[in-house]
Amino acid sequence: MNLIFLDIDGVLNSVDSAVAYHNWLPKGTRAQMEDRLDPVAVGLLRRLCIEADAKIVVSSTWRMGRTGENFIEIFRRHGWDDFPYLDKTPVRHTERGYEIQEWLDAHPEVTNYVILDDDSDMLDSQLHNFIHVSNVNGFRLKHYCKCLRLFGQPDERLEKQVNFVRQTCKGVQYV
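Predicted, not measured: the structure shown is a model, and the values here were computed from it.

(A) Region of the structure containing the sheet that holds strand 1 (residues 2-6). Taken in spatial order, the five strands make up an open sheet running 3-2-1-4-5, and their pairing is parallel. This sheet does not close on itself; its edge strands, each paired only once, are strand 3 (85-88) and strand 5 (130-132). Averaged over all neighbouring strand pairs, the angle between strand axes comes to 25°, with direction disregarded. Relative to strand 3, strand 2 (residues 54-58) is paired through three bridges, and the arrangement is parallel. Along strand 3, the bridge assignment pairs Ile56 with Tyr85. Along the sheet face, helix 5 (residues 96-105) touches strand 1, strand 2, strand 3 and strand 4 (112-117) and points at about 150° away from the line of strand 1.

The structure is reproduced here in structure tokens:
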């Protein structure tokens, strides 16, 4: 089973998306935060789940006080009708890596996983499976490509495009 441990803040919403939504929604309620997910990040995650046949375990602080049905509804509002929610990690430690490990220890059937997070409080044993997402930009194509590679399904065409853009833009300063 392919599994994604998903953080939300910084991964599916970012500084970029917060700036973009600033004029659309006033600050405040939890429901409004649920409506501020970055459509590009959500679309890439959806495509990843389809391509890798992956399920989602929510490791985000959003798991506190929300049920699986809540997550399914949140993503349905973002156009993802078949959000592959499986579970959420326990809330027991201050470091997310321990909570993820506790979940993995209770589910030995998991053969392959990735952790998408903008924080870096993972265990050393999890670093190979950890994809550190920038909270400025959120989940992007380069992260998607790395996830596919970790799931054993690299998309060499996409990776060449990502690498071409990196090389072309190296040293370019934007105003």
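(B) Main features of the pairing of strand 1. For strand 1, a buried count of five out of five residues is recorded, marking the element as mostly surrounded by other parts of the structure. As defined by bridge partners, strand 1 adjoins strand 2 across five bridges and the pair is classed as parallel. Each bridged residue has a counterpart across the sheet, and for Phe5 the counterpart in strand 2 is Val57. Both strand 1 and strand 4 contribute to a ladder of five bridges, which runs parallel. Following the sheet pairing, Asn2 is matched in strand 4 by Asn112.

(C) Structural context of the layout of surface pockets. The computed volume of the largest pocket comes to approximately 330 Å³. Surrounding the largest pocket, Ser134, Asn137, Gly138, Arg140, Leu141, Lys142, His143, Gln161, Val162, Val165 and Arg166 form its lining. If you list the elements that add at least two residues to the lining of the largest pocket, you get helix 6 (141-150) and helix 7 (156-169). Partitioned by chemical class, the residues of the lining of the largest pocket number three nonpolar, five polar and three charged.

(D) Broad picture of the packing of helix 3 (residues 39-52) against helix 6. In contact at an axis separation of 10 Å, helix 3 and helix 6 are set at 15° when each is read in the N-to-C sense. In terms of orientation, helix 3 lies roughly parallel with respect to helix 6. Remark: the crossing between helix 3 and helix 6 carries right-handed chirality. In contact with Leu44, Arg47, Leu48 and Glu51 of helix 3, helix 6 contributes Leu141, Tyr144, Cys147 and Leu148.

Rules and cut-offs
Along each chain, numbering runs from 1 in the same order as the chain's sequence is written. Reporting in this predicted model follows two pLDDT cut-offs: at least 70 for local features of residues, and 80 or more for side-chain atom pairs to be given and counted; totals over whole chains, interfaces and linings ignore these cut-offs and use all residues. The basis for every side-chain value is the complete set of non-hydrogen atoms in the structure, without hydrogens or water. At least two bridges found by DSSP between two strands is the condition for calling them paired. Strands here are runs of E lasting at least two residues and helices are runs of H or I lasting at least four, both read from the DSSP assignment and numbered beginning at the N terminus. Axes here refer to lines fitted to C-alpha atoms; in helices the fit is confined to the stretch in contact. Angles between the N-to-C directions go from 0 to 180 degrees. We call two residues contacting when some pair of their heavy atoms lies within 4.5 Å. Partly exposed describes any residue whose relative accessible area lies between the buried limit of under 20% and the exposed limit of over 50%, with all areas from a 1.4 Å probe on protein chains only and scaled to the type maximum. Here the term cavity refers to a set of points on a 1 Å grid, laid over the protein atoms alone, in which a 1.4 Å probe fits but cannot get out; the term pocket refers to an open set having protein on both sides within 12 Å along at least five of seven lines, with lining residues being those that place an atom within 4 Å of a point. Grid points are joined across faces, edges and corners, and a volume is the space filled by probe spheres set on the points. Each residue is assigned to one class: nonpolar for Ala, Val, Leu, Ile, Met, Phe, Trp, Tyr, Cys and Pro, charged for Asp, Glu, Lys and Arg, and polar for all the others, Gly among them. Our angle categories are set so that under 35 degrees counts as roughly parallel, over 145 as roughly antiparallel, 65 to 115 as roughly perpendicular, and the remainder as oblique. What makes a crossing left-handed is the near helix being turned counterclockwise from the far one by less than a right angle; a clockwise turn instead makes it right-handed.

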